[in-house]
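# Examination of the molecular architecture
For reference, the chains in residue letters:
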Amino acid sequence: MVDLKSQYERLQEEIDTAVLEVVRSTQYINGPEVKKFQEELETYLGVKHVIPCANGTDSLQVAMMACGLKPGDEVITTSFTFVATVEVIALLGLKPVLVDVLPDTFNIDPEAVKKAITPKTKAIVPVHLFGQCVHMEPLMEIARENDLYVIEDNAQAIGAEYVFKDGTQKKAGTIGHIGCTSFFPSKNLGCYGDGGAIFTHDDELAKKMRVIVNHGMEVRYYHDSVGVNSRLDSIQAAILRIKLRHLDEFAAARRRAADFYNRAFDGHPKLTIPARSPFSTHVFHQYTLKTKDVDRLKLQEYLQAKGVPAMIYYPVPMHLQKAYTDPRYKEGDFPVTEDLSKRVISLPMHTELDEEQLKYITDSVLEFL
Ligand SMILES: *Cc1c(COP(=O)(O)O)cnc(C)c1O
């Protein structure tokens, strides 16, 4: 699905030098590379504070801890997401309240969020799925009216721009109170191991999160709150500094690949190409087709046999997962999410796809159909 090797080979000189410098410096934890990456990401995103941490899942957990959410508080999110979003809510003893998504963008439906609010609701976690922003303006309005935190799960859309009604733009993850992201190798900004970061414009939340990621410690060996150990290591930061300089060019390469796919599949009676939101640019973390009257698993097998990987994100919505069974939810509750989970299929999407590969992939899909 991703070609990390070709990308590495293209950046090899820069990356090898940077990694070796960290190794030789012996400043493996909280070295100067971490601080430099933090500042460069703040500038890129146009956000006041970036707090690097160990992975995307931690970024969500630390964000929720900083908002002071208490066991039993309700947090609204989408059922059509990667498990981490819902997992941390449950781990903190909070109550995940799931809602349906919109059929075109696969992103959380602000109207459904509005209906799910109760006196116990404390936060909303929109997930910018597959590289495109949730429609944030109505969501922020709902949050303001009900005094709720908005924590953006931006693991899949770093670099995407949200477009406000008045035409101004802000980077995904910098619109709500807190934004969270992951630098897992296959993400749009991926390191060579695990990594993550949290963003906020709010000085107080930033201060709390810096303390939480460091064992709840402000003064060494004095712990005023319960924290966690969540750090981005210096080698990963050095790699991310290089990749951040290429992030916009990476997004452009992904868009070119998506354009090629779109040209091949647009108008096909059995396929719907990804919808483009009028409120967001698309950084194509995934290129996801909606199939109609297609045996999706047979298609996946056919492609597999031809050496083309294809994946289903996500085959089982969160409300139908064993770990998150809840008497409040049953099959049929979120018809859009359930329908999508039966029909979507994602094709290879990364920065190194050339025309020959794209033609082979699209030809293979069309042959099967
Ligand atoms: C990848 C991902 C995460 C978790 O990131 P990790 O770094 O793997 O912990 C969270 N949410 C979404 C939507 C993701 O895609």
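Residues numbered from 1 in each chain as written. Predicted model: local features only at pLDDT ≥ 70, side-chain atom pairs only at ≥ 80, totals over all residues. Heavy atoms only, no water.

## Some words on the packing of aromatic side chains
All told, the structure shown has 14 aromatic pairs when counted by the stated rule. Plain terms: the ring middles of Phe80 and Phe106 are 6.2 Å apart, the flat faces sit at 90 degrees to each other, and that makes the pair edge-to-face. Placement of the pair is Phe80 in the loop between strand 2 (74-78) and helix 4 (84-91) and Phe106 in the loop between strand 3 (95-99) and helix 5 (110-116), with a sequence separation of 26 residues. Summarising the burial analysis for this pair, Phe80 and Phe106 share the class buried. Among the aromatic residues, those joined into a cluster by ring pairs are Phe80, Phe106, Phe130, Tyr313 and Tyr314. A cation over an aromatic ring shows up here: Lys171 above the ring of Tyr44, its NZ or CZ 4.4 Å from the ring centre. For Lys187, the ring lying beneath its charged end belongs to Phe82, and the centroid distance is 6.0 Å. (Phe/Tyr/Trp six-rings, centres within 6.5 Å; stacked < 30°, edge-to-face > 60°. Helix = DSSP H or I, 4+ residues; strand = E, 2+ residues; numbered from the N terminus. Buried < 20%, exposed > 50% of the residue type's maximum accessible area, 1.4 Å probe, protein only. Lys NZ or Arg CZ within 6 Å of the ring centre and 35° of its normal.)

## Considerations on the site of the ligand
Neighbouring residues of the ligand: 13 residues in total, closest Gly56, Thr57, Asp153, Ser182 and Lys187. Residue Ser182 places a side-chain N or O atom 2.7 Å away from an oxygen atom belonging to the ligand. Take Lys187: an N or O atom from its side chain is 2.7 Å from an oxygen atom of the ligand. In the complex, the protein chains occlude 92% of the 380 Å² of accessible area that the ligand would expose alone. Of all the secondary structure elements, the ones that give two or more residues to the shell around the ligand are helix 3 (56-66) and helix 4. For the shell around the ligand, the class distribution of residues is four nonpolar, seven polar and two charged. (Near = heavy atom within 4 Å. Polar contact = N/O pair within 3.5 Å; in protein donor to acceptor, adjacent residues only side chain to side chain. Areas by Shrake-Rupley, 256 points an atom, 1.4 Å probe, with all protein chains shown as cover. Nonpolar A, V, L, I, M, F, W, Y, C, P; charged D, E, K, R; others polar.)

## Thoughts on the pairing of strand 3
A large share of strand 3 lies buried, amounting to four of its five residues. Bridging between strand 2 and strand 3 involves five bridges; their strand directions are parallel. Directly across from Thr77, in strand 3, lies its bridge partner Leu98. Each parallel crossover has a hand, and the one from strand 2 via helix 4 to strand 3 is right-handed. (Pairing = 2+ DSSP bridges. Right-handed = clockwise from strand over helix to strand, strands pointing away.)

## Quick look at helix 12 (residues 355-368)
Here helix 12 spans 20 Å end to end across 14 residues, near enough to the 20 Å set by a 1.5 Å rise per residue. Of all the positions in helix 12, only Leu358, Ile361, Thr362, Ser364 and Val365 are classed as buried. Taken around the axis of helix 12, the buried residues stretch over an arc of 155 degrees, which confines them to a single face. Along helix 12, the residues that are exposed and aim more than 90 degrees away from the buried face are Glu355 and Glu356. In this fold, the buried residues of helix 12 make contact with helix 9 (247-265), strand 12 (271-272), helix 10 (296-305) and strand 14 (344-347). (Expected span 1.5 Å × (residues − 1). Arc of directions from axis to C-beta. Contact = heavy atoms within 4.5 Å.)

## Considerations on the domain arrangement of the protein
Each assigned domain of the protein is listed here: domain 1 (4-244) and domain 2 (247-368). Here domain 1 and domain 2 have C-alpha centroids that lie 24 Å from each other. The interface of domain 1 with domain 2 comprises 45 residues on the first partner and 36 residues on the second. At the boundary of domain 1 with domain 2, total buried surface from both sides reaches about 3700 Å², with 59% on carbon and sulfur atoms. (Domains from an automatic or database assignment. Buried area = accessible area lost by both parts, 1.4 Å probe.)

## Re the packing of helix 10 against helix 12
Between helix 10 and helix 12, whose axes approach to 10 Å, the crossing angle comes to 135 degrees. In terms of orientation, helix 10 and helix 12 fall into the oblique class. When the axes of helix 10 and helix 12 are compared, the crossing they make is right-handed. Here Lys298, Leu299, Tyr302 and Leu303 of helix 10 come into contact with helix 12, specifically with Ser364, Val365, Glu367 and Phe368. Taken together, the residues of the contact of helix 10 with helix 12 break down into five nonpolar, one polar and two charged. (Axes fitted to C-alpha atoms, helices over the stretch in contact; angles between N-to-C directions. Parallel < 35°, antiparallel > 145°, perpendicular 65-115°, else oblique. Left-handed = near helix turned anticlockwise from the far one by under 90°.)

## Quick notes on the packing of helix 9 against helix 12
Packing of helix 9 against helix 12 leaves a shortest axis separation of 10 Å and a crossing angle of 35 degrees. The way helix 9 lies across helix 12 gives a crossing that is right-handed. The segment helix 9 lies against helix 12, with Ala257, Phe260, Tyr261, Ala264 and Phe265 engaging Glu355, Leu358, Lys359, Ile361, Thr362, Val365 and Leu366. For the contact of helix 9 with helix 12, the residue count by class is nine nonpolar, one polar and two charged.

## Topic: a nonpolar patch on the surface
Where nonpolar side chains cluster on the molecular surface, the patch consists of Leu20, Val23, Tyr28 and Ile29 and spans about 330 Å² of accessible area. With respect to the secondary-structure elements, Leu20 resides in helix 1 (residues 4-25). Given the relative accessible area of 39%, Leu20 is considered partly exposed. (Patch = residues over 30% accessible without salt bridge, like charges linked within 9 Å, V, L, I, M, F, W, Y side chains within 5 Å. Salt bridge = Lys/Arg side-chain N within 4 Å of Asp/Glu carboxyl O.)

## Describing the sheet that holds strand 9 (residues 196-200)
The strand order across the open sheet built from seven strands is 1-9-8-5-4-2-3, with neighbouring strands paired in mixed fashion. Looking at which strands have only one partner, the edges of the open sheet turn out to be strand 1 (49-53) and strand 3. Neighbour-to-neighbour, the strand axes of the sheet open up by a mean angle of 25 degrees, direction not taken into account. With five bridges joining them, strand 1 and strand 9 adopt antiparallel strand pairing. Looking at strand 9, one finds that Val50 is bridged to Phe199. Each of strand 2, strand 3, strand 4 (121-125) and strand 5 (149-153) touches helix 4; the most contacted strand, strand 2, lies at about 170 degrees to it. Contacts from helix 7 (residues 203-212) reach strand 1, strand 5, strand 8 (178-182) and strand 9, with the element oriented near 20 degrees to strand 1.

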